[in-house]
Amino acid sequence: MTLTALVLNCTLKAGDETSNTAALAQVVIDALRARGVDVNMIRVVDHDVKPGVTSDEGAGDAWPQIHEQVLASDILVIATPTWLGQASSITQRVLERMDAMLSETTEDGTPVAYNRVAGVVVTGNEDGAHHIIATTAGALMDIGYTIPAQAWTYWHTGPGPGPDYLDTTTGHDWSASTGEAMAANLVAVADALRTNPIPKPPNA
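Cut-off values and rules
Sequence order sets the numbering: in each chain, residues are counted from 1 along the sequence as written. pLDDT decides what is reported in this predicted model: residues at 70 or higher carry local features, side-chain atom pairs at 80 or more are listed and counted, and totals for whole chains, interfaces and linings draw on all residues regardless. In computing side-chain values, all of the structure's heavy atoms are included and hydrogens and water are not. Here the axes come from fitting lines to C-alpha atoms, over the contacting stretch only for helices, and the angles between their N-to-C directions go from 0 to 180 degrees. Here a strand is any run of E in DSSP of at least two residues, a helix any run of H or I of at least four, and the numbering for each starts at the N terminus. With respect to orientation, any angle under 35 degrees is reported as roughly parallel, any angle over 145 as roughly antiparallel, any angle of 65 to 115 as roughly perpendicular, and every other angle as oblique. Helix crossings get a hand from a simple test, with the near helix turned counterclockwise from the far one by less than a right angle marking a left-handed crossing and a clockwise turn marking a right-handed one. Whether two residues are in contact is decided by their heavy atoms: any pair within 4.5 Å suffices. The residue classification treats Ala, Val, Leu, Ile, Met, Phe, Trp, Tyr, Cys and Pro as nonpolar and Asp, Glu, Lys and Arg as charged. All others, Gly included, are polar. Each polar contact in these results corresponds to two N or O atoms within 3.5 Å; when the atoms are within protein, one needs to be able to donate a hydrogen and the other to accept it, and residues that are neighboring in sequence are counted only if both atoms are side-chain atoms. Any two strands with at least two DSSP-identified bridges between them are counted as paired. Crossovers are marked right-handed if the path from the first strand over the helix to the second runs clockwise, as seen with the strands pointing away from the viewer. Salt-bridge detection follows one rule: a side-chain nitrogen of Lys or Arg within 4 Å of a carboxyl oxygen of Asp or Glu. The buried label applies to any residue whose accessible area, calculated with a 1.4 Å probe on protein chains only, is under 20% of its type's maximum; exposed applies above 50%, and partly exposed to all values in between. Patch membership is restricted to residues that have no salt bridge and whose relative accessible area is over 30%. Joining uses 9 Å for like charges and 5 Å for the nonpolar side chains Val, Leu, Ile, Met, Phe, Trp and Tyr. Per-residue and other accessible areas were derived by the Shrake-Rupley procedure at a 1.4 Å probe size, with only the shown protein chains allowed to occlude residues.

Draft legend 1. Just the packing of helix H1 (residues 20-34) against helix H5 (residues 172-195), in detail. Two elements in contact, H1 and H5, have axes whose closest approach is 8 Å; the angle formed by their N-to-C orientations is 45°. Comparing the axis directions of H1 and H5 gives the class oblique. The crossing of H1 and H5 is right-handed. Where H1 abuts H5, its residues Leu24, Val27, Val28, Ala31 and Leu32 lie against Ser175, Ala176, Gly179, Glu180, Met182, Ala183 and Val187. Class assignment of the residues belonging to the contact of H1 with H5 gives a composition of nine nonpolar, two polar and one charged.

This is how it looks when you write it as C-alpha cells:
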C-alpha cells in the first residue's frame, strides 16, 4: 500500500497570498513524492477551525474534516512560521484540537496516533526554530506519534530582522538537504511501523 502524508501549513497568510512556509514545506513534499508517498497539503487558516480541545466543536467547525485526513495519513508534517520566537497561533490551535486524540482509540484500544510518524518544518527571519521544533515534536509525541531522528527542517536568518525565505537563496541548500533527510527518515520509520507496529499500551 502507498504511504500517505498530510502537511498542515500553519501560516497566517490566507488564500493565494505567498507563503514562505508553504515554499519550504514543498521541498519536503517533493522529497516525499519522490519516494512514492501520496501527499496533500492544507492551509489551515483557510478553514474555520474553532478553538477547543475536542474533535468536533459543533456547527461551522471545519476541524472534523481535517481530523479525518489526519487519521487517514501515515505521515503528518506540521509546518509553521516563526513569530516572536514562537510557532504561529494556527499551529497552537491545531495542536489544541489534536489534544482530543489522546483519548481516541481504534477498536482494539490502540491510540489512534500510534504507528504514525510526524515531523516539523519551520520558517522565519528570526531565531527560534529549535525551540519550535522541540515543543511541536514534544506535543506530537504526547499525542502518540513516533518522531524519527532528524524529522525536521528549518530556515531562518538568525537573530534580528532580515529577508524572508523567498526573498533570498541564502541557506536554501542546507534547508533543502535537511528536508530531504527528513523525508527519507519519515518514510523509513513509517515503513518500519507498517511491518512491526507498536502494540497497544498494556493497560488499554
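Having put the structure on the table, let's press on.
Draft legend 2. Structural context of the environment of Asp108. Relative to the helices and strands, Asp108 resides in the loop between helix H3 (89-98) and strand S5 (117-123). On a C-alpha basis, the gap between Asp108 and Thr123 in space is 39 Å, while along the polypeptide they are 15 residues apart. At a separation of 2.6 Å, a polar atom in the side chain of Asp108 contacts the side chain of Thr106.

Draft legend 3. Molecular detail of the pairing of strand S6 (residues 152-155). As paired elements, S5 and S6 share four bridges and run parallel to each other. Residue pairing in the sheet places Val122 in a bridge with Tyr154 of S6. Once the chain exits S5 it traverses helix H4 (residues 129-143) before rejoining the sheet at S6, and the crossover so formed is right-handed.

Draft legend 4. Examining the pattern of salt bridges more closely. Taken as a whole and assessed by the stated rule, the structure comprises four salt bridges. Across the pair Glu180 and Arg35 runs a salt bridge, and its minimum N-O distance is 3.5 Å. Separated by 145 residues along the polypeptide, Glu180 in helix H5 and Arg35 in the loop between H1 and strand S2 (38-43) bring together distant segments of the chain. For Glu180, a relative accessible area of 38% puts it in the partly exposed group. Exposure remark for Arg35: the relative accessible area of 36% places this residue in the partly exposed category. A salt bridge links Arg97 to Asp61, with the shortest nitrogen-to-oxygen separation between them at 2.6 Å. Of the two residues, Arg97 is situated in helix H3 and Asp61 in the loop between S2 and helix H2 (63-71); the sequence distance between them amounts to 36 residues.

Draft legend 5. Structural detail: unusual backbone geometry. Phi is positive for Asn115, close to 65°, though the residue is something other than glycine. Structurally, the position occupied by Asn115 is in the loop between H3 and S5.

Draft legend 6. How the structure looks around a nonpolar patch on the surface. Together, Leu12, Trp83 and Leu84 make up a nonpolar patch on the protein surface, roughly 380 Å² of accessible area in all. With respect to the helices and strands, Leu84 occurs in the loop between strand S3 (75-83) and strand S4 (86-87). A relative accessible area of 80% means that Leu84 is categorised as exposed.

Draft legend 7. Inspection of the pairing of strand S1 (residues 4-9) at higher detail. Among the six residues that make up S1, five are buried, leaving the element largely enclosed by the rest of the structure. In this structure, S1 lies alongside S2, joined through six bridges in parallel fashion. Of the residues in S2, the one forming a bridge with Leu6 is Asn40. You can see the chain leave S1, run along H1 and come back into S2, and the turn it takes is right-handed. Here S1 runs beside S3; their pairing, made up of five bridges, is parallel. Directly across from Asn9, in S3, lies its bridge partner Ala79.

Draft legend 8. Quick peek at the environment of Val49. As for its placement among the helices and strands, Val49 is situated in the loop between S2 and H2. Val49 sits 153 residues away from Pro202 along the chain, and the two C-alpha atoms are 34 Å apart. Discounting residues that sit within four places of it in the chain, Val49 has contacts with Val44, Asp61, Ala62, Trp63, Ile66, Arg93 and Arg97.

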